[in-house]
Amino acid sequence: KQASLLTVMSPSHYQALREALAQNTFKQVEDSPWPTASLSKGKARGQAQLRPPHWDANTFISPQEQQNWSQMMWRQRDVLDALSAIWLNLARSPQEDAITDIDSLLAMRNLKPKRNGDGRGVGYRPEQRADILQALSHIQNLWLNMTELEVYSTPTPGRRGKPTKQVVQSRAFVITDRMGQLRFDGCIDVQRIVFRPGNVFGHYLFGPGRQTALLSAQALHYDPYRQDWEKRLTRYFSWQWKCQASSGCEASAYRARTLLEAAGTEANLIRPGRTRERLEKALDALQQDGVIAGWQYDNWDEQAGKQHGWIEHWLKTNILVECPEAVKVRYRSLDRSPGLLPLAVAQQPSSILAQRLRTTR
C-alpha cells in the first residue's frame, strides 16, 4: 500500500512551528501578554505567539483565555499542512493568493460527507464545517517573530543568490477573504476562503531558497486523539527525509529515545513495556499505511529486555526506518548532483532494510 504524497513547506522554522503546536509548548512569558512558544531548529531562531489579528498588544487577556488558546492550537497542525499543500499547488508567485473551499479541507482530513437514505452524498455536517472554520481562525492567530532567519537574496544572472540572516515578522497564514451565502441571521455561511502564507514562509517557496518536502497524506488522516503518535512520527520522518534527500533516502537509524521525543512523549519508567509496545504499534501502522517502507531494531538483544533496568538500554538502541520507494524516486528526480544515477537505474527498487529483514528471517 502506497500512501499519497503532499508537497508542503519544509524550512526549519516551519518544522519548529509544527512541533510547538504538536507538543503545546505555548506558555506565558514576562515581556508579552500573548501565549508564546520558542522556535529553535537548524539555523532559525525566534518565537511563535498566539495573537489575534484584531487585538493589539495592550489588550487584556485572562489566564483562562490564554489556556484555552494553547489547548486548542495543537489541533491546527493538519490545517497548517493542508493550507501549505494547497497554496503550493495553486500559486505561481510569492504574492499570489490561493482559493480553497471548506469541503476540500475536510476531504483532505479523510472525513466522509453525510449521505442520505439512497446513498447519495449531501455534504458535510454543520459541526464538521464549524470545526474547520474554527481551526482556520486559530491559524490566523499565529504570529511569528523570527530574530534570526536565513533569507536568500535575488540572484543576478549567472549567479545564485546568497543567504543572509534577517529579522522577519509576519503571520503564518493570512486569510484575506471569506465567501459564501448569507444566512437568515445575517451571518455568512462560509464556503470558500482566499489565503496566502505570510512573508515568514513566503521567502522559502520560490526561487533559489525554495524549501519544500513530501508529506504522506496519512498525517492528515490519522485520528488526532487515538493516533497522535502516528501523526507526529509521519511529520518527523517527512522532515528527516527531506534533510537526507541530497544523499539519498535509504534506511536510517534513529535512537528509540529520539523517536519518543518526536512523538512528544517520554518513557514510562513504571510500565516501560507499554512505551515500547506503543512505539512498535505506531511503526507497524506507518508501515501498513505506506508511510514508511519498513522498520526493525539494529542489534537489539531480546535477552537484555528481560533484565532489570532494560528500558535504559532500549532507549539507546537504534531502530532502522526505511523511506518508501515513491519518496526516494521523487527526491532522486530533484537531485542534479554529478553522481546521479540514470533514471532507469534509479527507479529500480533497492531496499537495504528489506534485504536485512529477509536475512534475519
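As a reminder, the structure under discussion sits directly above these lines.
First, a word on scope: everything that follows refers to the structure included in this document. Not measured: the values here are computed from a predicted model.

**Considering the sheet that holds strand 12 (residues 294-298)**
Adjacent strands of a sheet pair through backbone hydrogen bonds, lying either parallel or antiparallel. Overall, antiparallel pairing links the 3 strands, which are arranged 11-13-12 in an open sheet. Sheet topology places strand 11 (252-255) and strand 12 at the edges, where each strand pairs with a single neighbour. Geometrically, the sheet is characterised by an average inter-axis angle of 30° between neighbouring strands, direction not taken into account. Here 5 bridges tie strand 12 to strand 13 (residues 318-322), and the two strands are oriented antiparallel to one another. Paired with G294 across the bridge in strand 13 is E322. Its contacts with the sheet put helix 8 (residues 228-243) on strand 11 and strand 13, and the angle it makes with strand 11 is roughly 130°.

**Considering the nonpolar core**
Core analysis: the largest hydrophobic core is formed by 53 residues, its most contacted members being L17, L83, L142, L144 and F195. Among the nonpolar cores identified, the runner-up in size contains 35 residues, and Y236, F237, Y254 and W310 belong to it.

**What about the packing of helix 3 (residues 77-90) against helix 8?**
At their nearest, the axes of helix 3 and helix 8 sit 12 Å apart, and the two run at 35° to each other. Like other packed secondary-structure pairs, helix 3 and helix 8 cross with a definite hand, here left-handed. On helix 8, the residues touching R77, D78 and D81 of helix 3 are D228, K231, R232 and R235. Considered class by class, the residues forming the contact of helix 3 with helix 8 number no nonpolar, no polar and 7 charged.

**Some points on the pattern of salt bridges**
Opposite charge on two side chains allows them to pair when their charged atoms are near. This model, assessed by the stated rule, comprises 19 salt bridges. Note that E19 is salt-bridged to K41, the shortest N-O span being 3.4 Å. Here E19 is found in helix 1 (residues 12-23), whereas its partner K41 is found in strand 3 (residues 32-41), with 22 residues between them in sequence. Its salt-bridge partner being E325, residue K328 comes within 3.9 Å of it at the nearest N-O pair. Here K328 and its partner E325 are both found in helix 12 (residues 325-334), 3 residues apart, which amounts to about one turn of the helix. Look at K328 and you get buried, because its relative accessible area is 2%.

**Considerations on the packing of helix 1 against helix 8**
The contact between helix 1 and helix 8 brings their axes to 11 Å, and the two run at 165°. By the angle between their directions, the pair helix 1 and helix 8 is classed as roughly antiparallel. For the pair helix 1 and helix 8, the crossing hand works out as left-handed. Where helix 1 approaches helix 8, its residues S12, Q15, R18, A22 and Q23 are matched on the opposing element by R232, R235, Y236 and W239. In terms of residue class, the contact of helix 1 with helix 8 is built from 3 nonpolar, 3 polar and 3 charged.

**Things to note about the pairing of strand 4 (residues 44-50)**
Of all 7 residues in strand 4, 5 are buried; the element is thus mostly enclosed. Relative to strand 4, strand 3 runs antiparallel, the two sharing 6 bridges. Bridging across to strand 4, L39 finds its partner in G46. Adjacent in sequence and paired antiparallel, strand 3 and strand 4 are bridged by 2 residues, among which G42 carries a positive phi angle near 60°.

Basis of the calculations
Residues numbered from 1 in each chain as written. Predicted model: local features only at pLDDT ≥ 70, side-chain atom pairs only at ≥ 80, totals over all residues. Heavy atoms only, no water. Pairing = 2+ DSSP bridges. Helix = DSSP H or I, 4+ residues; strand = E, 2+ residues; numbered from the N terminus. Axes fitted to C-alpha atoms, helices over the stretch in contact; angles between N-to-C directions. Contact = heavy atoms within 4.5 Å. Core = buried A, V, L, I, M, F, W, Y, C linked by side-chain atoms within 4.5 Å. Buried < 20%, exposed > 50% of the residue type's maximum accessible area, 1.4 Å probe, protein only. Left-handed = near helix turned anticlockwise from the far one by under 90°. Nonpolar A, V, L, I, M, F, W, Y, C, P; charged D, E, K, R; others polar. Salt bridge = Lys/Arg side-chain N within 4 Å of Asp/Glu carboxyl O. Parallel < 35°, antiparallel > 145°, perpendicular 65-115°, else oblique.

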